[in-house]
Amino acid sequence: MYQKWKRWNTAARKWLWILVVLGVAAALPVGYDRLQTESTSKNVEFVFDYRDLVDISVYRTRPQDYIAEQLDRLKQAGVGSMALFESTLDEFVKSRRITLYDGQQVADLTGKVISPNENYTYVAFNNEDSVTHIKPLIEETFTRLGISVRPWTYNDAEGLILETPRSNAVLKPMSPDPITLKMLRDKGFAIVPRLSDSTPYDQAYMEKLMAYFADNGVKRILFDGESVKGFSDDEEMESLKAFGELLNKHNIGLTAIENIKKPQKGFTTLAYQTDYNVARLYSLSERDATLEVEVISDRFVLASKDRNIRMFYLNAEPLRDTTTASITDPMDNLIESLTEPGNAIKDIQENGFTIGQAEAFQVADSSMQRYFKAVAVVGAIALISLMISYFIPFLAIPAFVIGLIGSAGLYVLRPEMMEQALALATSISGPTVAMILAIRKVNSNQSLPDMSVGRRVTHAIVLFFKTTILSLAAVPLVIALLNNVTYMLVLDQFRGVNLLALAPMALTAVYVLLYRGGNATRGGVIKLLKTPITLLWVIASGVLGVIGMYYLSRTGNAGSVSSIEMAFRSFLENTIGVRPRNKEFLLAHPIMLLGLFLSFKYRHAAYLLIVGAMGQLSIVGTFTHIHSPIYISTVRGLLGLVLGLIIGLIAIYVWQIAERIWKRWSPLLRQ
């Protein structure tokens, strides 16, 4: 009965392969929909932090002239938007709109005794514009927050008394400075407001504020702090839903900041409420604003092309320069990175983008997509079942049935978990199955004696590309499973990057060690477990552990990269246009090709294929970066294959020379 069941499961592989092919075919139209989506957002927007400009101007002899000059330079350089934070009393002081006093200062100025039981804030307006525009703003804000406000005059200048300590008053956020907003609009800048969640949510106030923003051409807002506006009150007031309705009413979208330590609380919910009217933003920090011009430019160009970034946020800060005994700033550095010699804007435009206000992706969702995705799910389960069957043959049918039932259950309870779990398992299964079949092919060809060098090279190249094609079968399935705008915007992410980076290599190693002669036997496993551990094994394990830790440190978006490699990457990017992955064409693909070539003659050369599996998993892993366009991932993979093939052929040639030298001189060395 056991043998019969085993035969059924082995025969079932043919049907599983048919389901994989059908799944891949069904996934292709879904991939086409994603290509259509990726082609809809082509505007790239540069935003400068106006507050930083004000902070720098404080150290200038003529601050207003300095601000006006820098705004003109930024506009000419291609910066089309200014970020405006919610105003504070301190910011109004820096902008020379008001003068702020506490009770003791007022007593010193007026010569009048202030009640010891009063700890108030005194505001004096510096000009008529401030009285007209800033006074109503302060009155409305503090009254709304339940703080009493009453008139006050000093030297015939209008003012206000805020019945709260100065230390508390300066913390209260108000809507952006209307005088500054008008000035920036007159200079041709779009406005990107920055809103915080530091005060209670007020629907009437937010309705008025959003209408004001819409009247001033605001298309997108950026949140300041750990949470979005309305998150703190959402449980009691459903404020996120209400705020989302206001944003939709006034056609105002959101901005998602790339690589922040923690996602802003409530952002995903609010993005859903606005039907994902979201653009991704890369923020160049104050510290990074002083980097080399070419480095900054490369960051902008690569982010727009490779990561679907459509907004760039420029920060700056005053710098203390001890060599010149003066206060400097990075404004020249930033402008030169955009213009000459950095040429960031020129390069971005040459890549097919337009400089303008960022737009959200228009999601292409064909009427048949859900049915295609369902077939792709079945194909993915079939591929996973195939991988399991090559290690445990009698589990092919049970693995497929359990996979179908489990996926159906997860789809009902947690559909996003089902997508992510299947995507991870599929991305592991594709390269693993491909490597197993390559090893089997090598084993079958080792029975052919005296295979010529030319034939071995030809067989190695053909098998290399066959293996790659089989690995790539996982790619359309993963794309179909994760075809959702939330992954493009990195609101959701592919999970298990480190597992993908290790599992195919580990499974390939297991197959090489235990399955070279067919199925693993109990005796073979016991023999391996009883093998004595020598000092050499311990040292080798330590070396492999260090290599593995370094390899994992390079994996994912947060991987560390040396300055030398960064320069090499920039060279490849500038020379070729799309940077292939170094570990593919410099290491994994050449070793894979060399390993296949040698395995047709030397049995133990198959261990090189363990390293070769790195290249196969890396190709698939490139496509799990859903925020990268499919076109870029495809070109990157193809370049890696071509360059890896060339380097691999060179490695084979070098090996042949070394082998001939060894054959000629080794007898003399033995004597």
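So, here's what we can say about the structure. (Residues numbered from 1 in each chain as written. Predicted model: local features only at pLDDT ≥ 70, side-chain atom pairs only at ≥ 80, totals over all residues. Heavy atoms only, no water.)

### A few points about the side chain of Thr121
Its location among the elements puts Thr121 in strand S4 (residues 121-125). Within the local environment of Thr121, its side chain forms a polar contact with the backbone nitrogen of Arg166, the two atoms lying 3.0 Å apart. Excluding its chain neighbours within four sequence positions, the residues that come into contact with Thr121 are Leu100, Tyr101, Leu160, Ile161, Leu162, Thr164, Pro165, Arg166 and Ala169. (Helix = DSSP H or I, 4+ residues; strand = E, 2+ residues; numbered from the N terminus. Polar contact = N/O pair within 3.5 Å; in protein donor to acceptor, adjacent residues only side chain to side chain. Contact = heavy atoms within 4.5 Å.)

### Focus: helix H13 (residues 293-306)
Relative to the 20 Å expected for 14 residues at 1.5 Å per residue, H13 spans 20 Å between its end C-alpha atoms, a close match to the ideal helical length. Backbone geometry just after H13 places Asn308 at a positive phi near 55°. (Expected span 1.5 Å × (residues − 1).)

### Concerning the side chain of Thr624
Note on placement: Thr624 falls in the loop between helix H27 (608-623) and helix H28 (630-670). Of the residues examined, Thr624 reaches a relative accessible area of 8% and is grouped as buried. There is a polar contact of 2.5 Å between the side chain of Thr624 and the backbone oxygen of Gly621. If we ignore the near neighbours within four places in the chain, the residues touching Thr624 are Ser427, Val478, Phe494 and Leu500. (Buried < 20%, exposed > 50% of the residue type's maximum accessible area, 1.4 Å probe, protein only.)

### Comments concerning the pairing of strand S1 (residues 43-49)
Among the seven residues in S1, seven count as buried, and that is most of the element. Residues of S1 alternate between two faces, with Asn43, Glu45, Val47 and Asp49 on one and Val44, Phe46 and Phe48 on the opposite face, all of them buried. Judged from the two bridges that link them, S1 and strand S14 (residues 354-355) form a sheet pairing that is parallel. Bridging from a neighbouring strand, Asn43 pairs with Thr354 of S14. Where S1 lies against strand S11 (residues 311-314), four bridges are found, and the strand directions are parallel. Pairing of Phe46 across the sheet is with Phe312, part of S11. As judged from the three bridges shared by S1 and strand S2 (residues 81-85), these two strands associate in the parallel manner. The partner of Val47 across the bridge, within S2, is Ser81. (Pairing = 2+ DSSP bridges.)

### Describing the pairing of strand S7 (residues 190-195)
Across the six residues that make up S7, a large majority, six, are buried. Where S2 meets S7, five bridges bridge the pair, whose relative direction is parallel. Pairing of Met82 across the sheet is with Ile191, part of S7. Across two bridges, S7 lies against strand S8 (residues 220-223) in parallel orientation. Bridge pairing in S8 places Leu195 opposite Phe223.

### Notes on the sheet that holds strand S6 (residues 157-162)
The sheet built from four strands is open, its strands ordered S3-S4-S6-S5 with antiparallel pairing. The open sheet has two edge strands with one neighbour each: strand S3 (98-102) and strand S5 (149-154). Going from strand to strand, the sheet's axes swing by 30° on average, the running direction of each strand aside. As defined by bridge partners, S3 adjoins S4 across five bridges and the pair is classed as antiparallel. (Axes fitted to C-alpha atoms, helices over the stretch in contact; angles between N-to-C directions.)

### Notes on the pattern of salt bridges
All chains considered together, the criterion is met by 19 salt bridges. Between Glu163 and Arg150 there is a salt bridge, with its nearest N and O atoms 2.8 Å apart. Separated by 13 residues along the polypeptide, Glu163 in the loop between S6 and helix H7 (166-169) and Arg150 in strand S5 bring together distant segments of the chain. Among the ionic pairs, Arg307 bridges to Glu258, the shortest N-O distance being 2.6 Å. Note that Arg307 is positioned in the loop between H13 and S11 and Glu258 in the loop between strand S9 (253-257) and helix H12 (267-273), a separation of 49 residues in sequence. For Arg307, a relative accessible area of 22% puts it in the partly exposed group. Take Glu258: its relative accessible area is 11%, and that puts it in the buried class. (Salt bridge = Lys/Arg side-chain N within 4 Å of Asp/Glu carboxyl O.)

### Section: a nonpolar patch on the surface
A surface patch of nonpolar side chains, about 800 Å² in accessible area, is lined by Val642, Ile646, Ile650, Tyr653, Val654, Ile657, Ile661 and Trp665. Position of Val654 among the secondary structure elements: in helix H28. Its relative accessible area of 48% is what places Val654 among the partly exposed residues. (Patch = residues over 30% accessible without salt bridge, like charges linked within 9 Å, V, L, I, M, F, W, Y side chains within 5 Å. Areas by Shrake-Rupley, 256 points an atom, 1.4 Å probe, with all protein chains shown as cover.)

### Re the packing of aromatic side chains
All chains considered together, the criterion is met by 15 aromatic pairs. Aromatic side chains Phe464 and Phe465 sit 5.3 Å apart centroid to centroid with 70° between the ring planes, which places their arrangement in the edge-to-face category. Given the relative accessible area of 0%, Phe464 is considered buried. What links up through ring pairs into an aromatic cluster is the set Phe46, Tyr282, Phe300 and Phe312. The positively charged end of Arg144 is found above the aromatic ring belonging to Tyr205, 3.7 Å away from the centroid. (Phe/Tyr/Trp six-rings, centres within 6.5 Å; stacked < 30°, edge-to-face > 60°. Lys NZ or Arg CZ within 6 Å of the ring centre and 35° of its normal.)

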